[in-house]
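Observations on chain architecture
Okay, here's what each chain looks like letter by letter:
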Amino acid sequence: MIDLTHVEKVYRTSTIETLALKDINLRINPGAFLSIMGPSGSGKSTLLNIMGLLDDPTGGQVQVDGQQIANMKDDEMARLRNRRIGFVFQSYHLINDLTVVDNVEMPLLYRKSTSAERRQKALAALDKVGLSARTRHFPTQLSGGQCQRVAIARAIVGEPQIILADEPTGNLDSVMSDEILDILMNLNKNEGTTIVMVTHNQQMAEKTERIVRLCDGSQVD
Amino acid sequence: MIRHMFKLIWNRKRRNYLLISEIFFSFVVLFAVSTFALFTGIRLSEPLGFDYEDVLVVQTNYEDAQQTDSLSEREVKDIMATMERELRSCREVVDVAWGSSNLPWAGSMWRTSYIYDGIERDYSIHYVSDHFADVMTMPLLEGRWFNADDDAAAITPIVINRKVCETTFGDKPAIGQIITDDDDETPVDFVVIGVVDEYRYRGEMEVSEPSIFFRRTHEDSLTLYAGTALVKVRPDAGVGFQKTITDRLAEISHGWIIGVEALEDARNESLRNIKINALPGVIVALFLVFNVALGLFGILWYSVSRRRGEIGVRRAAGALAAHISWQIIGEALVMATFAILVGIILAIQVPLLDIQPQISTAIYLLAMICSSLMIYMIVAVCAMYPSRLAARIQPAEALHDE
Ligand SMILES: Nc1ncnc2c1ncn2[C@@H]1O[C@H](COP(=O)(O)OP(=O)(O)O)[C@@H](O)[C@H]1O
Ligand SMILES: [Mg+2]
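These numbers come from a predicted model, not from an experiment.

Rules of the game
- Residues numbered from 1 in each chain as written.
- Chains lettered and ligands numbered in written order.
- Predicted model: local features only at pLDDT ≥ 70, side-chain atom pairs only at ≥ 80, totals over all residues.
- Heavy atoms only, no water.
- Domains from an automatic or database assignment.
- Contact = heavy atoms within 4.5 Å.
- Buried area = accessible area lost by both parts, 1.4 Å probe.
- Salt bridge = Lys/Arg side-chain N within 4 Å of Asp/Glu carboxyl O.
- Polar contact = N/O pair within 3.5 Å; in protein donor to acceptor, adjacent residues only side chain to side chain.
- Helix = DSSP H or I, 4+ residues; strand = E, 2+ residues; numbered from the N terminus.
- Near = heavy atom within 4 Å.
- Areas by Shrake-Rupley, 256 points an atom, 1.4 Å probe, with all protein chains shown as cover.
- Nonpolar A, V, L, I, M, F, W, Y, C, P; charged D, E, K, R; others polar.
- Phe/Tyr/Trp six-rings, centres within 6.5 Å; stacked < 30°, edge-to-face > 60°.
- Lys NZ or Arg CZ within 6 Å of the ring centre and 35° of its normal.
- Patch = residues over 30% accessible without salt bridge, like charges linked within 9 Å, V, L, I, M, F, W, Y side chains within 5 Å.
- Buried < 20%, exposed > 50% of the residue type's maximum accessible area, 1.4 Å probe, protein only.
- Axes fitted to C-alpha atoms, helices over the stretch in contact; angles between N-to-C directions.
- Parallel < 35°, antiparallel > 145°, perpendicular 65-115°, else oblique.
- Left-handed = near helix turned anticlockwise from the far one by under 90°.
- Pairing = 2+ DSSP bridges.
- Expected span 1.5 Å × (residues − 1).
- Bend = angle between axes of the 7 residues up to and from the residue.
- Core = buried A, V, L, I, M, F, W, Y, C linked by side-chain atoms within 4.5 Å.

Re the domain arrangement of chain B
Residues and elements named next belong to chain B. Its domain assignment divides chain B into domain 1 (2-45 + 274-401) and domain 2 (55-268). A straight line from the C-alpha centre of domain 1 to that of domain 2 covers 53 Å. Each side of the interface is counted separately: domain 1 has six residues, and domain 2 has five residues. Of the roughly 570 Å² buried between domain 1 and domain 2, counting both surfaces, carbon and sulfur atoms make up 69%. Considering only the surface of domain 1 that becomes buried against domain 2, R43, L44 and I274 emerge as the three largest contributors, covering 75% of it. The interface formed by domain 1 and domain 2 contains zero salt bridges. At the boundary of domain 1 and domain 2, one finds two residue pairs in polar contact (both at pLDDT 80 or more). Looking at which element gives the most residues to the side of domain 1 that touches domain 2, the answer is helix α2 (residues 13-45), with four residues.

Set out below in structure tokens:
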């Protein structure tokens, strides 16, 4: 499903060069639930972005669904993201000027769909995360846990095979964190969605099938 | 997608309020300017009803001369007749006519009200001689111009312009209609003997008004206040001829003050004045619109930098770079649409309340369309660069910011 071989990422600015990832080899099978752990600045987000085609590696190869992304154009990668990948971020990244249901519909705007289809799929996704009662609210009227559930609904509305979650519970207390983890685990179990989750929480990581540990851009396990 | 943008703008209306009201303000300014421009353009392109080329206006101001008191009415009439003979004897002169002081571009008006069918209306009055229509190249639509037969007329003959037919007679045939002046104790009737098309004697900037021509000869007492000659000259007459006339007529009249000016020069001067008067308005309008465009550009630019996170998350969700740039332009156009809608609601009041009856509703509508298109264009141009910036935002970086 996702295949990384000898992946390397160097950030170059005029003054410094940061080696954010070095020689990452990782194979993620369909239906897997994987945690990425590591100290701050160890390259976890960078790795997730490369898996999610948001960023290009400076070395090595990335395959998603058997497709080499090295030669892909920007637009092709965007289409692939739209169909295959859902993102969840620590700070939710909801659009505050849109209602919950409009936020969830957003990814569907970038593929062929009617407004009735979009609405119906968004409501179904919100139902899965248990937020059917809040569809007309604005993000600012919701708690952090609810915001993250909206973000998950947005990530799954397009029925992607892969969800990439970058510290999805980083801003949440333990009760809300457990709720979010439950939702992700259910998606993995019931829908067979592949999930890669960055976390600092050892207990949460242990509930997933596999833990990848990063330190200074290298895999350490 | 368009609905999505409307929702975004609508939910952000409080933040966009200032920008939308600025666009609205520009719309109002552009509407005023384009109404004026269209109105002017149409007036400029419409016929005057006469020909001003190769016509000299000769003022014979005997009243200013010292000998005024010593001249009898008879002597004045004779001097004028002599002047006409002298003018006609010049090789350069094609024809000569006389008129009252409210000649084209003279800057003077003469209005009186007369009665037709029990209704009193205002008319512009012109005392002119038998050759006036020839000198001014004014074709008759119906009937005839004045001639010597009118010496024996039982009812005072008048020639009218088409505007009088429209305002006074409606569908009725104009020739033979009687208009009455009942200012004095005994009412006086006038009979229509001819119709000319237009007579926009105040120039291209003024609309047509109902005009009535009365006949003036050297023999009637009107001569005393209709002492301006119109001289049609050959195209090759040259500027020097004006001086020749001035000198000769001064000699004949024994010191009357003679002023000669080409009608075309009078026209050009009046147009020049109009341009000079319109210039500040146009500059202020351009300045305002330029300011709004600059403000718009700045706000859009700022909003793109503030919305990096949103743009990043859209890109992550699969938006193409083109989607992002169209969204920025589209949102600006949606804001313009809100502003234009409010602007049109206001602008539509002008024809509804008939604030300027001279300007037709069609001109207002056209001006609304023009100013809307201009606003859309300005807004699209201002949004162009910010939209490119937005499209170039790298999602990984944008999402990293937070
Ligand atoms: N856009 C960037 N430009 C330069 N350096 C970056 C950029 N993004 C991340 N880095 C650097 O790469 C390293 C890894 O960052 P990141 O993947 O965000 O770590 P983590 O998510 O594990 O905290 C850090 O040293 C960070 O400073
Ligand atoms: Mg990180």
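Some details on the site of ligand 1
In the region of ligand 1, 13 residues are neighbours, and G41, G43, K44, S45 and T46 of chain A sit closest. Flanking ligand 1 are residues from chains A and B. One nitrogen or oxygen atom from the main chain of G41 of chain A is found 2.8 Å from an oxygen atom belonging to ligand 1. Within the backbone of G43 of chain A, an N or O atom sits 3.1 Å from an oxygen atom of ligand 1. When ligand 1 is considered free in solution it has 560 Å² of accessible area, and contact with the protein chains removes 73% of it. When residues of the shell around ligand 1 are traced back to their parent elements, those giving at least two are β2 (17-28) and α1 (44-51) of chain A together with α12 (395-400) of chain B. For the shell around ligand 1, the leading source of residues is α1 of chain A, giving three residues. Here the shell around ligand 1 is composed, by residue class, of three nonpolar, eight polar and two charged.

What about the packing of aromatic side chains?
All names here are of chain B. A complete count under the given rule lists 25 aromatic pairs over all chains for this structure. One aromatic cluster is present, built from ring pairs that chain together F50, Y52, W105, F132, W145, F146, Y199, Y201 and F213. Above the plane of the ring of W10 lies K13, whose end atom (NZ or CZ) is 4.3 Å from the centre.

Regarding the interface of chain A and chain B
Between chain A and chain B, the residue contacts involve 25 residues of the former and 25 residues of the latter. Counting each side, the surface lost to burial between chain A and chain B is near 2300 Å², with a carbon and sulfur contribution of 60%. At the boundary of chain A and chain B, one finds four salt bridges. Note that D97 of chain A is salt-bridged to R15 of chain B, the shortest N-O span being 2.7 Å.

Points about the environment of L87 of chain B
Residue and element names in this part refer to chain B. Topologically, L87 is positioned in helix α3 (residues 73-88). Remark: the alpha-carbon pair of L87 and S325, spanning 238 residues in sequence, is separated by 75 Å. Non-local contacts of L87, meaning those with residues more than four positions away in its chain, are made with V93, V96, V231, I245 and L249.

A few points about a nonpolar patch on the surface
A contiguous nonpolar surface patch, about 490 Å² in accessible area, is contributed by I348, L352, L353, I355 and L365 of chain B. Here L365 of chain B is to be found in helix α11 (residues 361-391).

Quick word on the pattern of salt bridges
For the structure shown, the criterion picks out 34 salt bridges over all chains. Among the ionic pairs, R12 of chain A bridges to E17 of chain A, the shortest N-O distance being 3.1 Å. The exposure class of R12 of chain A is exposed, given its relative accessible area of 57%. A salt bridge links R314 of chain B to E310 of chain B, with the shortest nitrogen-to-oxygen separation between them at 2.9 Å. Of the two residues, R314 of chain B and E310 of chain B both sit in helix α8 (residues 308-316), four residues apart, roughly one turn of that helix. The buried category is assigned to R314 of chain B, whose relative accessible area is 0%. Overall, the relative accessible area of 10% leaves E310 of chain B in the buried class. A single salt-bridge network, built from bridges that share partners, covers D97 of chain A together with R12, R15, R307, E310, R314 and E331 of chain B.

A few points about the packing of α2 of chain B against helix α7 (residues 263-306) of chain B
Residue and element names in this part refer to chain B. For the pair α2 and α7, the least separation of the axes is 10 Å and the interaxial angle reads 155 degrees. Between α2 and α7, the crossing angle belongs to the class labelled roughly antiparallel. Judged by the sense of rotation from one axis to the other, the crossing of α2 with α7 is left-handed. Contact residues: R15, L19, E22, I23, F25, S26, V29, L30, V33, F36 and L44 in α2; L271, A278, A285, L288, V289, V292, L296, I299 and R306 in α7.

Observations concerning the pairing of strand β9 (residues 210-215) of chain A
Residues and elements named next belong to chain A. Where strand β3 (residues 33-37) and β9 come together, four bridges link them in parallel fashion. Along β9, the bridge assignment pairs I36 with V212. Between β9 and strand β10 (residues 218-219), which follow one another and run antiparallel, lie two residues, and D216 among them has a positive phi close to 50 degrees.

Topic: the side chain of E209 of chain B
Residues and elements named next belong to chain B. Tracing the chain through its elements places E209 in the loop between β8 (188-196) and β9 (211-215). Assessed through its relative accessible area of 11%, E209 is described here as buried. Beyond its immediate chain neighbours, meaning those up to four positions away, E209 contacts R111, S124, N161, K163, Y201 and R202.

With respect to the sheet that holds β2 of chain A
Residues and elements named next belong to chain A. The strand order across the open sheet built from four strands is β2-β1-β4-β5, with neighbouring strands paired in antiparallel fashion. Single-partner strands in this sheet number two, and they are β2 and β5 (67-68). Summarising the sheet, strand β4 (residues 59-64) and β5 pair through two bridges and their orientation is antiparallel. Each residue of the ladder has a partner; that of V64, found in β5, is Q67. Here α1 sits on the sheet in contact with β1 (2-12), β2 and β4, set at roughly 55 degrees to β2.

Considerations on α11 of chain B
In this model, α11 of chain B (31 residues) spans 43 Å end to end at C-alpha, consistent with the 45 Å of a helix rising 1.5 Å per residue. Of all the bends in α11 of chain B, the greatest, near 35 degrees, is centred on M384 of chain B, and the proline P386 of chain B appears no more than four residues after it.

Notes on the sheet that holds strand β6 (residues 85-89) of chain A
Reading across the sheet, the six strands line up as β6-β7-β8-β3-β9-β10 (chain A) and stay open at both edges, with mixed pairing between neighbours. Two strands close off the open sheet at either side, each with one partner strand: β6 and β10 of chain A.

Some details on the nonpolar core
Inside soluble globular proteins, nonpolar side chains tend to come together where they are buried. All names here are of chain A. Judged by nonpolar contacts, the single largest core of 47 residues is most densely connected at L4, I36, L47 and M51. When near neighbours in sequence (up to four residues on either side) are disregarded, L4 contacts I24, N25, L26, L47, M51, Q61 and V62. Core analysis: the next-biggest nonpolar cluster, separate from the first, contains 33 residues, Y92, V101, L126 and L187 among them.

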